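Geometric and topological summary
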Amino acid sequence: MPIVDLSHEISSVSPPYPGDPVVEMRNVFDVPQHGFRVRALSFGSHQGTHFDAPAHVFEGGKFLEEYPLERFDATARKVDLGTLRPQECVGVERLRTHERAFDTCDHILLWTHWAESAESFSLSEYFRSSPFLSREAAEWIASKKIALLGLDIPSPDAFGDENLPSHRALLEADTLLLENLCRLGELPEGDFFRLTALPLPLAHAEGSPARAIARWGAFLY
């Protein structure tokens, strides 16, 4: 049974989204001195591959712990948008060519090829030049009432747009966002797979880093 890890590793050198807390990891106890190892960890709730819940942008919005576990373990499909240019805006027409996927599955992963093409960019460019969804595109997806939208870009909104129109359109429709995925090219084309993506069991989690994996093959369902 093939299995792919779709998550970015979190380490002391992992870049945060500009303005978010930096990642800090330090040893509190170590094996040579204490006989065991414990580290103190500090990073933002939207570090690396992570979930956004409605509470991220709406006062009184739902937190991640309010969703049933089934929301985080379900059949999914990949939508290949082709290789997008830096700061390219994804419009509705580009999505409509994949409407059948949205109509037949409520967990969708959008593949923009950004995680692969961004390897030639600086970390600053990776965030600041990322492609994004137009407000109309986000509203079109929201109208499909899907349960989860995954993206291999850091945000569905353009960098610097503090109004967050795409976040708001999707989260208002109760579509959870799973952002900053990677290795989507390893997923099967045009077929279903099992997506398991679990946030940390945090209280009042408006967002959380996630470990996302995909599996497919016989006897999976």
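Residues numbered from 1 in each chain as written. Predicted model: local features only at pLDDT ≥ 70, side-chain atom pairs only at ≥ 80, totals over all residues. Heavy atoms only, no water.

On inspection of all chains with the given rule, the structure shows 13 salt bridges. Across the pair Lys78 and Glu189 runs a salt bridge, and its minimum N-O distance is 3.0 Å. Of this pair, Lys78 sits in strand S5 (residues 73-80) while Glu189 sits in the loop between strand S10 (176-179) and strand S11 (192-199), and the two are 111 residues apart along the sequence. Taking the shortest distance from any N to any O, the salt bridge between Lys144 and Glu99 comes out at 2.6 Å. Of this pair, Lys144 sits in the loop between helix H6 (135-143) and strand S9 (148-151) while Glu99 sits in helix H3 (residues 99-104), and the two are 45 residues apart along the sequence. Taking relative accessible area as the criterion, Lys144 reaches 21% and is therefore assigned partly exposed. Here Glu99 falls in the partly exposed class, since its relative accessible area comes to 28%. One network of salt bridges, with partners in common, ties together Lys62, Arg71 and Asp174. (Salt bridge = Lys/Arg side-chain N within 4 Å of Asp/Glu carboxyl O. Helix = DSSP H or I, 4+ residues; strand = E, 2+ residues; numbered from the N terminus. Buried < 20%, exposed > 50% of the residue type's maximum accessible area, 1.4 Å probe, protein only.)

Bringing the side chain of Asp52 into the picture now. The residue Asp52 is located in strand S4 (residues 50-52) in this model. The buried charged residue Asp52 lacks any salt bridge partner; its closest oppositely charged side chain belongs to Arg168, at an N-O distance of 11 Å. With sequence-adjacent residues up to four places away left out, Asp52 is seen in contact with His46, His167, Leu171, Leu176, Leu177, Glu179 and Glu206. (Lys, Arg positive; Asp, Glu negative; His and termini not counted. Contact = heavy atoms within 4.5 Å.)

Moving on, we get to the packing of aromatic side chains. Across all of its chains, the model carries seven aromatic pairs by this definition. Judged by centre distance (5.4 Å) and plane angle (80°), the ring pair of Tyr17 and Phe127 falls under edge-to-face. Residue Tyr17 is found in the loop between strand S1 (3-5) and strand S2 (24-29), and its partner Phe127 is found in helix H5 (residues 123-128); the two are separated by 110 residues along the sequence. Residue classification places Tyr17 among the partly exposed residues on the basis of a relative accessible area of 24%. Taken together through their ring pairs, the aromatic side chains of Tyr17, Trp114, Tyr126, Phe127 and Phe159 make up a single cluster. Note that Lys62 overlies the ring of Tyr67, its terminal NZ or CZ placed 4.0 Å from the centroid. (Phe/Tyr/Trp six-rings, centres within 6.5 Å; stacked < 30°, edge-to-face > 60°. Lys NZ or Arg CZ within 6 Å of the ring centre and 35° of its normal.)

Bringing the packing of H6 against helix H7 (residues 165-172) into the picture now. Running from N to C, H6 and H7 point in directions that differ by 10°, and their axes come no closer than 8 Å. One finds that H6 runs roughly parallel with respect to H7. The segment H6 lies against H7, with Arg135, Ala138, Glu139, Ile141 and Ala142 engaging Pro165, Ser166, Ala169 and Leu170. Of the residues belonging to the contact of H6 with H7, the class tally is six nonpolar, one polar and two charged. (Axes fitted to C-alpha atoms, helices over the stretch in contact; angles between N-to-C directions. Parallel < 35°, antiparallel > 145°, perpendicular 65-115°, else oblique. Nonpolar A, V, L, I, M, F, W, Y, C, P; charged D, E, K, R; others polar.)

This part covers the pairing of strand S7 (residues 107-111). Extensive coverage of S7 is indicated by the burial of five of its five residues. Side-chain alternation along S7 places His107, Leu109 and Trp111 on one buried face and Ile108 and Leu110 on a second face that is also buried. With four bridges joining them, S5 and S7 adopt parallel strand pairing. Its bridge partner lying in S7, Asp80 is registered against Trp111. In this structure, S7 lies alongside S9, joined through four bridges in parallel fashion. Its bridge partner lying in S9, Ile108 is registered against Leu149. (Pairing = 2+ DSSP bridges.)

Looking now at unusual backbone geometry. Its identity is not glycine, yet Lys145 carries a phi of approximately 60°, on the positive side. Locating Lys145 in the fold gives a position in the loop between H6 and S9. You can call Lys145 exposed: its relative accessible area is 61%. Backbone geometry at Arg183 places phi at a positive 60°, although glycine is not the residue there. By secondary structure assignment, the location of Arg183 is in the loop between S10 and S11. Taking relative accessible area as the criterion, Arg183 reaches 36% and is therefore assigned partly exposed.

A few words on the environment of Gly44. Examined against the element boundaries, Gly44 turns out to sit in the loop between strand S3 (38-42) and S4. Of the residues examined, Gly44 reaches a relative accessible area of 9% and is grouped as buried. Through-space distance from the C-alpha of Gly44 to that of Pro209 is 8.5 Å; in sequence the pair is 165 residues apart. When residues no more than four places from it in sequence are discounted, the contact partners of Gly44 are Pro21 and Pro209.

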